[in-house]
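# Working through the structure, step by step
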2 protein chains.
Amino acid sequence: MENELFAFIERYMPLTEEEKAMLRGMPLFKHFKKGEVFLQEGDVSDKQFFVLKGCVRCFYWVGAEEKTTDFYTELQSVVPRQASPAGKVGYNLACVEDSILLVGTADMEQELFASFPRFEKLCRLLTEQLLSQSHTALDTFKTTSAEQRYRHLLTTRPGLVQRVPLLQLASYLGVRPESLSRIRRRIAKEGSVATAKPV
Amino acid sequence: MENELFAFIERYMPLTEEEKAMLRGMPLFKHFKKGEVFLQEGDVSDKQFFVLKGCVRCFYWVGAEEKTTDFYTELQSVVPRQASPAGKVGYNLACVEDSILLVGTADMEQELFASFPRFEKLCRLLTEQLLSQSHTALDTFKTTSAEQRYRHLLTTRPGLVQRVPLLQLASYLGVRPESLSRIRRRIAKEGSVATAKPV
């Protein structure tokens, strides 16, 4: 998994051998099983997660119902949400598949920044990128219909639709499962019409 | 406006006289009129905005309809959204009131970081804070009803409700204006019942 991590970082800045050695020496990688809930509402945690392999889902309990708000797959950071003043998180994180995550803490981050200050610049740039993505996602959710969101997902993250259960996907898109099934049938029909056209 | 800016920064780190002098020397503050649209869909811009006084609205054109997605008031950063690959923004920013904004560019930021590297740490911390707020807002929008969102707004940003037109507020909350009026009447009634109780 180190090579995947190094390749990701090197999209932004080349790493020296010394930096690679430091990263190799940190206990960064953790394996999780499919279905495992590794962060729960009420936990006090300063951990940060980055997906190297697999799929992580963020969800909330609303009454007896789970509401899925996000999926994170390969080379995505699990964006931390605001905690309560007592430091408790209000959400849950679970693995949709067997997953390998990079798990960092505030202490590890400080250690890294102290030894290699340019990691702080990298973190700022990555955080700025995540912020603009996150806010764009919020705006998109507010200004589009569920069908538009699903079509957008098919374009931007086509693999995701195959990897997660319909119920969770519907919740994530803000639509009832039966409506999502209808949307899917409509799109499949368009596809078969489109395929048929040239014949 | 300098004092407001300095006080805001000093929530996070005390400023030296040298740093204050550098900030004073930069052409940071700009005045905008109520109704002025100062960033439009299709503009290429690397500008960043921070509200010192007034109220800024982010909105999109969806067909012939304006959809408001955000309001920014005193001491809030206008979060930049993702631009197109050609650098064009897909949203509009307008002033709901006469406003004074801090307007920064990437070049100004670089100049500041080069002279005072610890501003980079401050920017990282502020961006991390904005990111967790932004993602919490997205989750909240996905997991709550419009009435819950309005009640949350009354608790967290009570002044805002008085400052922005109903039509824009309804759009921001993802609800039709007539539904928002109904929600308001219901809450007002509860309030008068609550007030009446002790009598």
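Heads up: the structure comes first, above all this text.
Residues numbered from 1 in each chain as written. Chains lettered and ligands numbered in written order. Predicted model: local features only at pLDDT ≥ 70, side-chain atom pairs only at ≥ 80, totals over all residues. Heavy atoms only, no water.

## Focus: the relation of the copies chain B and chain A
Here is the rule: The fit set for superposing copies consists of C-alpha atoms from residues with pLDDT of at least 70 in both; the fit itself is least squares.
Note on the identical chains: chain B maps onto chain A by a rotation of 180° and an axial translation of 0.0 Å, with an RMSD of 0.0 Å. On the angle and the small slide along the axis, the relation comes out as a two-fold axis.

## Some remarks on the state of the cysteines
The line we're drawing: For the purposes of this analysis, a disulfide is any pair of cysteine sulfur atoms at a distance within 2.5 Å. Under the scheme applied here, a residue whose accessible area is under 20% of the maximum for its type counts as buried, over 50% as exposed, and between as partly exposed, the area being computed with a 1.4 Å probe on protein chains only.
Considering all chains together, one arrives at zero disulfides over all chains under this definition. Cys55 of chain A provides the cysteine sulfur closest to Cys58 of chain A, a residue in no disulfide bond, and the two sulfurs are 12 Å apart. The class of Cys58 of chain A is buried, set by a relative accessible area of 0%. Considering cysteine sulfurs only, Cys55 of chain B is the nearest to Cys95 of chain B, which forms no disulfide, with 8.5 Å between them.

## So, the side chain of Arg57 of chain B
Put simply, the rule is: Strands are runs of DSSP state E lasting at least 2 residues, helices are runs of H or I lasting at least 4, and numbering of each runs from the N terminus. Residue contacts follow a heavy-atom distance rule, with two residues in contact if any of their heavy atoms lie within 4.5 Å.
If you trace the backbone, Arg57 of chain B turns up in strand E4 (residues 56–62). Setting aside chain neighbours within four positions, we find Arg57 of chain B in contact with Glu66, Thr68, Asp70, Phe71, Asn92, Leu93, Ala94, Val96 and Gln168 of chain B.

## With respect to the sheet that holds strand E6 (residues 76–78) of chain A
In any sheet, the strands associate via hydrogen bonds between backbone groups, in a parallel or an antiparallel arrangement. Residues and elements named next belong to chain A. The condition is simple: Any two strands are treated as partners once DSSP identifies two or more bridges connecting them. With axes taken as lines fitted to C-alpha atoms, and helix axes fitted only over the stretch in contact, angles between N-to-C directions fall between 0 and 180 degrees.
Taking strand neighbours across the sheet as the criterion, the four strands line up as E1-E8-E3-E6 in an open arrangement whose pairing is antiparallel. Among the strands making up the open sheet, the edge pair consists of strand E1 (29–32) and E6. Averaged over all pairs of adjacent strands, the angle between strand axes in this sheet comes to 35°, irrespective of strand direction. Bridge analysis of E1 against strand E8 (residues 99–104) gives four bridges, and the strand direction is antiparallel. Across the sheet, His31 pairs through a bridge with Ile100, a residue of E8.

By themselves, these observations are geometric and do not establish any function.
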